[in-house]
Amino acid sequence: LEDGVLAEHYVSRETTSTLVGNVYLGRVQNVLPSMEAAFIDIGKGRNAVLYAGEVNWEAQGVGNGQARRIENALSSGDSVLVQVTKDPVGHKGARLTSQISLPGRYVVYVPEGNMTGISRKLPDTERQRLKKELKELVPESSGVIVRTAAEGASETELGRDVERLSKRWESIQKKSKSTNVLAPQLLYSEPDLTVRIVRDLFTEDFAELVVQGDDIADTISDYVQHVAPHLGERLRRHDPEADGD
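Residues numbered from 1 in each chain as written. Predicted model: local features only at pLDDT ≥ 70, side-chain atom pairs only at ≥ 80, totals over all residues. Heavy atoms only, no water.

## Quick look at the overall build of the chain
Counting its regular elements, the chain contains 5 helices and 12 strands. Structurally, the chain occupies a C-alpha span of about 65 × 45 × 35 Å along its principal axes. Buried residues in the chain amount to 39% of all 245 residues. The contacts in the chain between residues at least 6 apart in sequence include a share of 66% that link residues at least 24 apart. With the model as given, the accessible surface of the chain reaches about 14,600 Å², and the carbon-plus-sulfur share is 47%. The positive charge centre, built from 30 side chains, and the negative charge centre, built from 38, are 7 Å apart in the chain. (Helix = DSSP H or I, 4+ residues; strand = E, 2+ residues; numbered from the N terminus. Buried < 20%, exposed > 50% of the residue type's maximum accessible area, 1.4 Å probe, protein only. Contact = heavy atoms within 4.5 Å. Areas by Shrake-Rupley, 256 points an atom, 1.4 Å probe, with all protein chains shown as cover. Lys, Arg positive; Asp, Glu negative; His and termini not counted. Charge placed at Lys NZ, Arg CZ, Asp CG, Glu CD.)

Listed below in structure tokens is the structure:
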């Protein structure tokens, strides 16, 4: 709400769950050089598609002067680590990328990137501060995209976010290389809409976050205490009698 007026409204239904953000160990079904695309089984019935522009060439061992063509990176039967970027629609399968990124509270962690991008909504002085602090915190082989929510975040909070995401990536990698894990396999799933909204939108700009329902209130409280404890005092459980409904 802004000035008592509804500004944004999100609805989540169990029947419309999304795959976007999920990371899978997929199995290549076939490679079509003419389309510059590979069709990949991620265990969802319909094959998903990975276009050449979304391939992580280094991870697929394409280098040393080799042409960046899909047939040089993937072959039928290969296992490949992929992330869903677009849900399946109609007869079209999900869209994939093998350039994995993991969103956190303050940053989006790009484990196999090496650049730092910072939201243009932040003031120049804050951009400089964040760039300097994150240079010390982010592993050399990785990159981050800094979110607007990072404004005012301390070095400790930023470090905690980066550490949590880097450990998540280590866990995904470990699972993907385990002999017990056979493709297709889900390795990481994005949290449900409620937690994503709190993660992505709940910042210092909000005076209050009102939650109805004990289970979800506990989930949100635990999440906020973990990632942004200074905002914990802005959480309030909905009281039907006190709130007039």
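From this point, things continue past the structure.
## A closer look at the packing of helix 4 (residues 193-201) against helix 5 (residues 214-227)
One way to put it is that helix 4 packs onto helix 5 with a least axis distance of 11 Å and a crossing angle of 35°. Seen from above, helix 4 lies across helix 5 with right-handed handedness. Between helix 4, through Thr 194, Val 195, Val 198 and Arg 199, and helix 5, the contact on the second element is made entirely by Ile 216, Thr 219, Ile 220, Tyr 223 and Val 224. Residue composition of the contact of helix 4 with helix 5, grouped by class: 6 nonpolar, 2 polar and 1 charged. (Axes fitted to C-alpha atoms, helices over the stretch in contact; angles between N-to-C directions. Left-handed = near helix turned anticlockwise from the far one by under 90°. Nonpolar A, V, L, I, M, F, W, Y, C, P; charged D, E, K, R; others polar.)

## Quick notes on the pattern of salt bridges
Taken as a whole, this structure holds 14 salt bridges when the rule is applied. For Arg 69, the salt bridge identified is with Glu 36, shortest N-O distance 3.5 Å. With a gap of 33 residues between them, Arg 69 in the loop between strand 3 (48-51) and helix 1 (70-73) and Glu 36 in the loop between strand 1 (23-32) and strand 2 (37-41) connect regions that are remote in the sequence. A residue is classified by how much of its surface remains accessible, and Glu 36, at 22% relative accessible area, is partly exposed. Salt-bridge contacts for Arg 69 lead to Glu 71; the nearest nitrogen and oxygen are separated by 2.9 Å. Using a relative accessible area of 31% as the deciding quantity, one classes Glu 71 as partly exposed. (Salt bridge = Lys/Arg side-chain N within 4 Å of Asp/Glu carboxyl O.)

## Observations regarding helix 4
Within the sequence span of helix 4, burial applies to Leu 193, Val 195, Arg 196, Val 198 and Arg 199. Looking at the buried positions of helix 4, the neighbouring elements they touch are strand 6 (102-103), strand 11 (209-211) and helix 5.

## A short note on a nonpolar patch on the surface
On the surface, Tyr 10, Leu 201 and Phe 206 cluster together to form a nonpolar patch covering roughly 260 Å² of accessible area. With respect to the element layout, Phe 206 can be found in the loop between helix 4 and strand 11. Look at Phe 206 and you get partly exposed, because its relative accessible area is 35%. (Patch = residues over 30% accessible without salt bridge, like charges linked within 9 Å, V, L, I, M, F, W, Y side chains within 5 Å.)

## Digging into the sheet that holds strand 6
If you walk across this open sheet you meet the 4 strands as 6-7-9-8, and the pairing is mixed. Where the open sheet ends on each side, the last strands, each with one partner, are strand 6 and strand 8 (116-118). Pairing geometry for strand 6 and strand 7 (residues 107-110), over 2 bridges, is antiparallel. The residue of strand 7 that forms the bridge with Pro 103 is Val 108. Strands strand 6 and strand 7 of the sheet are contacted by helix 3 (residues 155-177), whose axis makes an angle of about 35° with strand 7. (Pairing = 2+ DSSP bridges.)

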